[in-house]
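For reference, the chains in residue letters:
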Amino acid sequence: MSFLNGLFGRKRDSSAELAKQRLLTVLIDDRYKLTPEMMAQMKADLAEVLKRYLPAIDADQIEVTLSRGEAHDLLKADVPLRRATDQSSHR
Amino acid sequence: MGRVITVTSGKGGVGKTTTTANLGTALAMRGARVAVVDADIGLRNLDVVMGLENRIVYDLVDVVEGRARLRQALIKDKRLPELCLLPAAQTRDKDAVNAQQMIDLTNQLRAEFDYVLIDSPAGIEAGFRNAIAGADEVIIVTTPEVSAVRDADRIVGLVEAAEKGPASLVINRIKPRLVSRGEMLSVEDVLELLAISLLGIVPEDETIVIATNRGEAAVYDPSSLAGRAYINIAQRLAGEDVPVMAIPDQQGMLDRLLGLFGRRRT
C-alpha cells in the first residue's frame, strides 16, 4: 500500500490526506485544551517577558502554533521583531 | 504468572470483541492457557461471538459478589479445553464492579492462565477504568477513520495517565483498495497520528461476519484473511519475532489501471 502511495504519489486533495491533516489539528486541540482566551493571554505574557530583552516586539504580531512531532509535540512561537527603520516609521 | 492484557478502543464498534475472541482463540490454539473476560457489564457480547451463550450459569458479577467461585463461572470453549470465558453480567450495570474488585479478579485469573484477555466496554468512564485496572498491558483497537482515531488518541493518553502504557495498536478493518486510492488513512498515517507501537493490522473481511454468525472464531478458517491476521497478531503478542502481516491488495491490475486513469481525469 505504501508502495503504491510512493509509486503514484498521494494527491494533496485526497480524502485520506484531508483526514490526516484534520486529525493532526484535532488531536493537538484535544490534548492541550488551550482556549482562544488562554492563547491570547499566553501571547501577551510572552510579549511582556520578551520585551525585557527585546523592546521591538508587538504582542499582536506573535503567532503561536501547536504541532505534532515524531517524538514529542511542539509549541512554536513566531515573534516578529520590528526593524530599526520600522520603529522610526511607527513613531 | 500469566499476562493480563486489556483490549480497548474508546469508540464502539471498531472490533474489540472480535479481536478479543480471535486473539484468545489463536493463543489457545498455540497451546497457551487462556481466559477471556467480558468486562462490558450490562452489554454482554463476547459469549455470543464465541458461541458460548447457552452455557452461561454464573457471571463476573456473581464471582465478584461471592455468589459463585471463579471455577464455577468459567465456561470452557467448545473446541479448545485450555480456553475459558468469564462472561459479563447482563442484568447489572457498570457500577456493579469497582476497580479493586477487578484487580483482585485478574490476580486470581493470572495464577491459573498464561493469558488473561479483557474485553473492555467502549467509552472512557468507569467501565473502561475497571477494565484496565488489573491490566499489565493494553491493546488499543482502532479503524482507519477520523472518529475512531480521535477516540483512540484519547485512550492513549488515559492509558498513559493510568500508568498502564505504552499501549500497542491494532488497526482493524483496513480496505487496501481504498488506501491505495488515497481515500482511506494508511497504516503509516494512523501510526504517525497516534505515535504508539503497532501490534498488527486486520483487513476488512466478510468472513468475520460469517464466523460471528456461526459463533466461531475466524482464526479456525484458513481461508479467512482476517483470521490469518489475528494469528499473526497472536504470534507477535506471544513474543515471536515475526513481521506484521502484509495485506494483499485484492484489486486486479486492470482495475488498478482503470482506477488510475479515473483519478487522472478528475
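Residues numbered from 1 in each chain as written. Chains lettered and ligands numbered in written order. Predicted model: local features only at pLDDT ≥ 70, side-chain atom pairs only at ≥ 80, totals over all residues. Heavy atoms only, no water.

1. Concerning the domain arrangement of chain A
Residue and element names in this part refer to chain A. What counts, and what does not: Segmentation into domains, and thus their bounds, comes from an automatic or database assignment. Only heavy atoms enter the contact rule, under which two residues are in contact if any of them lie within 4.5 Å. Summed over both partners, the accessible area lost on bringing two parts together, with a 1.4 Å probe, is the buried area. Definition of a polar contact: a pair of N or O atoms within 3.5 Å, with one able to donate and the other able to accept a hydrogen when the atoms are protein atoms, and with sequence-neighbouring residues admitted only if both atoms are side-chain atoms. In this classification, the charged set is Asp, Glu, Lys and Arg, the nonpolar set is Ala, Val, Leu, Ile, Met, Phe, Trp, Tyr, Cys and Pro, and all remaining amino acids, among them Gly, are polar.
Split into domains, chain A comes out as domain 1 (1-33) and domain 2 (34-91). Taken residue by residue, the interface counts 6 residues in domain 1 and 7 residues in domain 2. Between domain 1 and domain 2 the total buried area reaches about 620 Å² when both faces are included, carbon and sulfur atoms providing 59% of it. Counting the surface domain 1 buries against domain 2, the share from its top three residues, I28, Y32 and K33, is 68%. Applying the counting rule to domain 1 against domain 2 returns 3 residue pairs in polar contact (both at pLDDT 80 or more). Within the side of domain 1 that touches domain 2, the residues separate by chemical class into 4 nonpolar, no polar and 2 charged.

2. With respect to the side chain of D77 of chain B
Residues and elements named next belong to chain B. Convention followed: Strands here are runs of E lasting at least two residues and helices are runs of H or I lasting at least four, both read from the DSSP assignment and numbered beginning at the N terminus. Here's how the labels work: a residue is buried when its accessible area is under 20% of the maximum for its type, exposed when over 50%, partly exposed in between, all with a 1.4 Å probe on protein chains only. Positive residues here are Lys and Arg, negative ones are Asp and Glu, while His and the chain termini are left out of the count. When a carboxyl oxygen of Asp or Glu is within 4 Å of a side-chain nitrogen of Lys or Arg, the pair counts as a salt bridge.
By secondary structure assignment, the location of D77 is in the loop between β3 (75-76) and β4 (83-86). Buried within the structure, D77 lacks any salt-bridge partner; R79 is the closest side chain of opposite charge, at an N-O distance of 6.2 Å. A distance of 3.0 Å separates a polar atom in the side chain of D77 from the backbone nitrogen of R79. Polar side-chain contacts of D77 include one of 3.0 Å to the backbone nitrogen of L80. Setting aside chain neighbours within four positions, we find D77 in contact with M50, L52, R55, L83 and Y220.

3. Remarks on the environment of N107 of chain B
Residues and elements named next belong to chain B. Here N107 shows up in helix α5 (residues 99-112). Take N107: its relative accessible area is 36%, and that puts it in the partly exposed class. Only 3.1 Å separates the side chain of N107 from the side chain of R110, close enough to count as a polar contact.

4. Examining the packing of helix α1 (residues 16-29) of chain B against helix α11 (residues 225-237) of chain B
Residues and elements named next belong to chain B. The test is simple: Angular values range over 0 to 180 degrees, each being the angle between N-to-C directions of two axes fitted as lines to C-alpha atoms, with helices fitted over their stretch in contact. Angles are sorted into four bins: roughly parallel if under 35 degrees, roughly antiparallel if over 145, roughly perpendicular if 65 to 115, and oblique for all others. Left-handed describes a crossing whose near helix is turned anticlockwise from the far helix by less than a right angle; the clockwise case is right-handed.
Contact pair α1 / α11: the axes reach a minimum separation of 9 Å and the direction vectors enclose 65°. Viewed along their axes, α1 and α11 adopt a mutual orientation that is roughly perpendicular. Judged by the twist between their axes, the crossing of α1 over α11 is right-handed. Contacts between α1 and α11 involve T18, T19, N22, L23, A26 and L27 from the first element and Y230, I231, I233, A234 and L237 from the second. For the contact of α1 with α11, a count of residues per class yields 8 nonpolar, 3 polar and no charged.

5. A look at a nonpolar patch on the surface
This is how it is decided: Patch members must show over 30% relative accessible area and no salt bridge, and they are joined within 9 Å when carrying like charges or within 5 Å when they are nonpolar side chains of Val, Leu, Ile, Met, Phe, Trp or Tyr. Residue burial considers only the protein chains on display, and all accessible areas are found by Shrake-Rupley using a 1.4 Å probe.
Together, V49, Y53, L54 and L81 of chain A give the surface a local cluster of nonpolar side chains, amounting to about 400 Å² of exposed area. Within the secondary structure, V49 of chain A sits in helix α3 (residues 36-51).

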